[in-house]
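Chain by chain, the residues:
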Amino acid sequence: MMVVDNKTDGKIIWVGMLMMAALITLATSEAWANAEPYVATPDGDGVQRIRLVGGSYFFEPEHIQVKAGVPVELVASREPGLAPHDLVIQSEALGLDIEEELEREEKVIRFTPQVPGRVVFYCGKKLWFLPSHRNRGMSGVLEVVE
Ligand SMILES: [Cu+2]
């Protein structure tokens, strides 16, 4: 009997943890939805250059707006600290498949979005059973406009 009870308790705890993870996702995934967009303006050379910093657990800016058909350079880095962070921007519709480790030193990520649309970018890091960085709020939105 004791063994069966323990198994049941274990299941309940597991389900509880999953539900908590889901709640954390719901609470944080829309954080950027109300953020004022950082509107990129092309530099003299016609490139939309945006400084993007990742940290525990945020991106700044978290809402980026760029123009379609104009080259983009994300000048990306991470805040000081032990936690590793990366940047994932994947959208078949926008033709983006970016997965870059973020370092203290700035890294230039180049692409030219061809069509309008939007994609959620995020950090793909996750430590053991802890909620992923994305679920802790480390995400943002890249909006491509005409
Ligand atoms: Cu991260």
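In what follows, the accompanying structure is described. Predicted, not measured: the structure shown is a model, and the values here were computed from it.

Quick look at the coordination of the copper ion
Okay, step 1: The protein atoms donating to the copper ion are His 85 (ND1), Cys 123 (SG), His 133 (ND1) and Met 138 (SD), with metal-donor distances spanning 2.0 to 2.7 Å.
Okay, step 2: Coordination at the copper ion is irregular, judged from the 4 donor atoms that bind it and the angles of 85 to 136° they form at the metal.
Okay, step 3: Mapped onto the sequence, the donors of the copper ion take the spacing H-x37-C-x9-H-x4-M. Placement of the pair is His 85 in strand 6 (residues 85-91) and Met 138 in the loop between strand 9 (117-122) and strand 10 (139-145), with a sequence separation of 53 residues.
Okay, step 4: Residue classification places His 85 among the buried positions, given a relative accessible area of 2%.
Okay, step 5: Met 138 gets classed as buried once you look at its relative accessible area, which sits at 0%.

Examining the side chain of Glu 143
Okay, step 1: Note on placement: Glu 143 falls in strand 10.
Okay, step 2: Among buried Asp, Glu, Lys and Arg side chains, Glu 143 stands out as unpaired, with Arg 118 the closest opposite charge at 4.3 Å.
Okay, step 3: A distance of 2.6 Å separates polar atoms of two side chains, one belonging to Glu 143 and the other to His 63.

Observations regarding the packing of aromatic side chains
Okay, step 1: What the rule picks out here adds up to 2 aromatic pairs.
Okay, step 2: In this structure, Arg 134 is placed above the aromatic ring of Tyr 122, and the distance from its NZ or CZ to the ring centre is 4.1 Å.

Looking at the pattern of salt bridges
Okay, step 1: For the structure on display, the rule yields 7 salt bridges.
Okay, step 2: For Arg 51, the salt bridge is made with Glu 106, and the minimal N-O distance between the two is 2.6 Å. Separated by 55 residues along the polypeptide, Arg 51 in strand 2 (residues 48-55) and Glu 106 in the loop between strand 7 (96-102) and strand 8 (107-111) bring together distant segments of the chain.
Okay, step 3: Judged by relative accessible area, which is 38%, Glu 106 ranks as partly exposed.
Okay, step 4: With its nearest N and O atoms 3.2 Å apart, the salt bridge here joins Lys 107 to Glu 100.
Okay, step 5: What makes Lys 107 partly exposed here is its relative accessible area of 24%.

Regarding the sheet that holds strand 5 (residues 72-78)
Pairing between the strands of a sheet comes from backbone hydrogen bonds, and it takes one of two forms, parallel or antiparallel.
Okay, step 1: Judged by pairing direction, the sheet is mixed, and its 4 strands sit side by side in the order 3-2-5-8 without closing on themselves. This sheet does not close on itself; its edge strands, each paired only once, are strand 3 (58-60) and strand 8. Across the sheet, the mean angle from the axis of one strand to that of its neighbour is 25°, orientation sign disregarded.
Okay, step 2: Direction of pairing for strand 2 relative to strand 3: antiparallel, over a ladder of 3 bridges. Bridge pairing in strand 3 places Gly 55 opposite Phe 58.

A look at the nonpolar core
Okay, step 1: Within the largest apolar cluster, 23 residues are counted, with the highest numbers of intra-cluster contacts made by Leu 74, Leu 87, Ile 89 and Leu 142.
Okay, step 2: For Leu 142, the contacting residues outside a window of four places in its chain are Ile 64, Val 66, Ile 89, Leu 96, Phe 111, Gly 117, Arg 118, Val 119 and Phe 121.

Considering the environment of Lys 126
Okay, step 1: Following the sequence through the fold, Lys 126 ends up in the loop between strand 9 and strand 10.
Okay, step 2: The spacing of Lys 126 and Arg 136 is 10 residues in sequence and 10.0 Å in space, taken between C-alpha atoms.
Okay, step 3: A polar contact of 3.2 Å, which involves the side chain of Lys 126, links it to the backbone oxygen of Trp 128.
Okay, step 4: Polar side-chain contacts of Lys 126 include one of 2.7 Å to the backbone oxygen of Leu 130.

What counts as what
- Numbering of residues begins from 1 in every chain and follows the order in which that chain's sequence is written.
- For a predicted model such as this one, the threshold for reporting local features is a pLDDT of at least 70, and the threshold for listing and counting side-chain atom pairs is 80 or more; totals across whole chains, interfaces and linings nevertheless cover every residue.
- With hydrogens and water excluded, all non-hydrogen atoms of the structure serve as input to the side-chain values.
- Any nitrogen, oxygen or sulfur atom within 2.8 Å of a metal ion counts as a donor, with the limit raised to 3.2 Å for Na, K and Ca, and since water is left out, coordination shells can look unfinished.
- Just to be clear on the cut-offs, tetrahedral is four donors with all angles between 85 and 135 degrees, square planar is four donors and octahedral six with opposite donors over 155 degrees apart and all others between 65 and 115, and anything else goes down as irregular.
- Only DSSP runs of H or I with at least four residues qualify as helices, and only runs of E with at least two residues qualify as strands; both kinds are numbered from the N terminus onward.
- With a 1.4 Å probe rolled over the protein chains alone, any residue whose accessible area is under 20% of its type maximum counts as buried; one over 50% counts as exposed, and the rest are partly exposed.
- Charged-residue counts in this description rest on Lys and Arg as positive and Asp and Glu as negative, His and the chain ends being excluded.
- Salt bridges are counted wherever a side-chain nitrogen of Lys or Arg sits within 4 Å of a carboxyl oxygen of Asp or Glu.
- Distance and chemistry together define a polar contact, namely a pair of N or O atoms within 3.5 Å, with one atom able to donate a hydrogen and the other to accept it when in protein, and with adjacent residues in sequence counting only for side-chain atoms on both sides.
- What counts as a ring pair is set by centres within 6.5 Å for rings of Phe, Tyr and Trp (its six-membered ring), and what kind of pair is set by the plane angle: stacked under 30 degrees, edge-to-face over 60, tilted for all other angles.
- Note on criteria: charge over ring means Lys NZ or Arg CZ within 6 Å of the ring centre, with the direction from the centre no more than 35 degrees off the ring normal.
- Following DSSP output, two strands are said to pair if at least two bridges run between them.
- Helix axes are fitted only over the stretch in contact, all axes being lines through C-alpha atoms; the angle between N-to-C directions runs from 0 to 180 degrees.
- We call a set of buried residues a nonpolar core when its members are Ala, Val, Leu, Ile, Met, Phe, Trp, Tyr or Cys and they connect through side-chain atoms within 4.5 Å of each other.
- Only heavy atoms enter the contact rule, under which two residues are in contact if any of them lie within 4.5 Å.

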